[in-house]
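Chain and residue survey
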Amino acid sequence: MIPDYLVFDTSEEMWHYMGKMWKEISAKAIAEKGHFSAALSGGKTPTGFYQYLSGKYLQWKKTHLFLVDERFVPWDSPESNHRMLHENLLNRIQIPQENIHPIETGQSSPDISAKKYEEELRRFFRLNEGGLPEFDLILLGIGEDGHTASLFSGTTALKETKRLVVPARPGAALMDRISLTLSVINNAWNVVFLVSGHRKRGVMKKIREGRDTTLPASMVNPERGKLLFLMDREAAG
Ligand code: 6PG
């Protein structure tokens, strides 16, 4: 799938566009199957969008929210993506508790935590052995080093082909994480990267020029779904 790149003058314009897409994709999914499933990125970039989204009238009762990745820390830690999602979106909307699918981090290891989340995906998407979830939408961020979700260059998590969710150890300096795998991301119907700020300019240049196909973000290539990069002017350069 050849990606589309869209550039916005401000982050607010980017959120507005993403909000419109969310509305369209969710309406279509709900009309076709009765519910809409989205896996959401952690990190700082999407927080403004989540707040924006919380002010919109959307079909939350038919929306199921998952996380793309999580840091292996308690949910009340400032590093927790679940906490970030609560503060910026979940606490502000009327969504049934059973529609929220967090990655549990109270397990004894990131591996057990990843296995539990995989079970949750298998249950929700009613998967047989070898089946892959079909998310209607996956929102991703990108690191300056080209990582996405918690898939970092040179790690075994990036090469995983059988599991749906894996423990990810980005390196000694960073905390353990849990991440959806590339196979899951590439099986979604819509994958959208939200990218903002001048610090992302270098990596976006590399991705757009296709110079480094080993960058995790460059390996996102949905088989049947759409792939879109939304960037503010600072990130686009
Ligand atoms: C996370 C992520 C990660 C993130 C990028 C960009 O939990 O950290 O899902 O992939 O999207 O690191 O992070 P920022 O948006 O904070 O720059």
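This section reports on the structure supplied with the text. (Residues numbered from 1 in each chain as written. Predicted model: local features only at pLDDT ≥ 70, side-chain atom pairs only at ≥ 80, totals over all residues. Heavy atoms only, no water.)

**What about the overall build of the chain?**
Along the chain, the regular secondary structure elements total 8 helices and 10 strands. Seen along its three principal axes, the alpha-carbon backbone of the chain occupies a region of about 40 × 40 × 35 Å. Out of the 237 residues in the chain, the part that is buried amounts to 53%. Partitioning the intrachain contacts of the chain with sequence separation of at least 6 by distance along the chain shows that 77% fall at a separation of at least 24. (Helix = DSSP H or I, 4+ residues; strand = E, 2+ residues; numbered from the N terminus. Buried < 20%, exposed > 50% of the residue type's maximum accessible area, 1.4 Å probe, protein only. Contact = heavy atoms within 4.5 Å.)

**A look at the site of the ligand**
Neighbouring the ligand are 16 residues, the closest being Thr 45, Arg 71, His 147, Ala 149 and Lys 200. Between the ligand and the protein, one listed contact pairs an oxygen atom with a backbone N or O atom of Lys 44 at 2.7 Å. Between Arg 71 and the ligand, the recorded distance is 2.7 Å, taken from a side-chain N or O atom to an oxygen atom. Protein burial of the ligand: of its 420 Å² of free accessible surface, 90% is covered by the chains. Of the residues contributing to the shell around the ligand, the split by class is 2 nonpolar, 9 polar and 5 charged. (Near = heavy atom within 4 Å. Polar contact = N/O pair within 3.5 Å; in protein donor to acceptor, adjacent residues only side chain to side chain. Areas by Shrake-Rupley, 256 points an atom, 1.4 Å probe, with all protein chains shown as cover. Nonpolar A, V, L, I, M, F, W, Y, C, P; charged D, E, K, R; others polar.)

**Considering helix 3 (residues 81-88)**
Turning to helix 3, its buried residues number three or more, namely Asn 81, His 82, Met 84, Leu 85 and Asn 88. For helix 3, the buried positions fall inside an angular range of 160° around the axis, keeping them on one side. One side-chain oxygen at the N-terminal end of helix 3 lies 3.2 Å from the backbone nitrogen of His 82; it belongs to Ser 80. (Arc of directions from axis to C-beta.)

**Quick notes on the sheet that holds strand 4 (residues 69-71)**
Spatially, 4-8-7 is the arrangement adopted by the 3 strands of the open sheet, whose pairing is antiparallel. Of all strands in the sheet, those with a lone pairing partner are strand 4 and strand 7 (165-168), marking the two edges. Within the sheet, the average angular offset between the axes of one strand and its neighbour, ignoring direction, is 15°. With 3 bridges connecting them, strand 4 and strand 8 (residues 177-180) associate as antiparallel partners. Looking at strand 8, one finds that Asp 69 is bridged to Ser 179. Across the sheet, helix 4 (residues 110-124) lies against strand 7 and strand 8, angled at about 160° from strand 7, the strand it touches most. (Pairing = 2+ DSSP bridges. Axes fitted to C-alpha atoms, helices over the stretch in contact; angles between N-to-C directions.)

**As for helix 2 (residues 47-54)**
What helix 2 keeps buried is the set Gly 48, Phe 49, Tyr 50, Leu 53 and Ser 54. Elements in contact with the buried residues of helix 2: helix 1 (11-33), strand 2 (36-40), helix 3, strand 6 (137-140) and strand 9 (190-195).

**What about the packing of helix 1 against helix 2?**
Close contact between helix 1 and helix 2 brings their axes to 10 Å; oriented N to C, the two are set at 55°. As summarised for this structure, helix 1 and helix 2 are arranged oblique, according to the angle between their axes. Note on packing geometry: the crossing formed by helix 1 with helix 2 is right-handed. Listed contacts from helix 2 to Trp 15, His 16, Met 18, Gly 19 and Trp 22 of helix 1 are Gly 48, Phe 49, Tyr 52 and Leu 53. Along the lines of polarity and charge, the residues of the contact of helix 1 with helix 2 split into 6 nonpolar, 3 polar and no charged. (Parallel < 35°, antiparallel > 145°, perpendicular 65-115°, else oblique. Left-handed = near helix turned anticlockwise from the far one by under 90°.)

**Observations regarding the side chain of Ser 41**
Within the fold, Ser 41 resides in the loop between strand 2 and helix 2. Here the side chain of Ser 41 touches Gly 141 through a polar contact of 3.4 Å, landing on its backbone nitrogen.

**What about the nonpolar core?**
If you look at soluble globular proteins, the nonpolar side chains tend to sit buried side by side. Core analysis: the largest hydrophobic core is formed by 74 residues, its most contacted members being Trp 22, Leu 89 and Phe 135. Here this core gets 8 residues from one element, more than from any other, and that element is helix 1. (Core = buried A, V, L, I, M, F, W, Y, C linked by side-chain atoms within 4.5 Å.)

**Points about the sheet that holds strand 6**
As summarised here, the arrangement of the 7 strands in space is 1-10-9-6-2-3-5, forming an open sheet in which the pairing is parallel. The two strands at the open ends of the sheet, each matched to only one other strand, are strand 1 (4-8) and strand 5 (100-101). Relative to strand 3 (residues 63-67), strand 2 is paired through 5 bridges, and the arrangement is parallel. Note on strand 3: the bridge partner recorded for Leu 40 is Leu 67. Here helix 1 sits on the sheet and contacts strand 1, strand 2, strand 3, strand 6, strand 9 and strand 10 (226-232); the angle it forms with strand 10, its principal contact strand, is near 155°. Sitting on the sheet, helix 4 is in contact with strand 2, strand 3 and strand 5, with an inclination near 155° to strand 3.

**Considerations on the pairing of strand 9**
The element strand 9 is extensively covered by neighbouring structure, given that 6 of its 6 residues are classed as buried. Bridging between strand 6 and strand 9 involves 3 bridges; their strand directions are parallel. Note that in strand 9 the partner of Leu 139 across the bridge is Val 192. Sheet topology note: the strand 9/strand 10 ladder contains 6 bridges and is parallel.

Any functional reading would require information beyond the geometric quantities listed.
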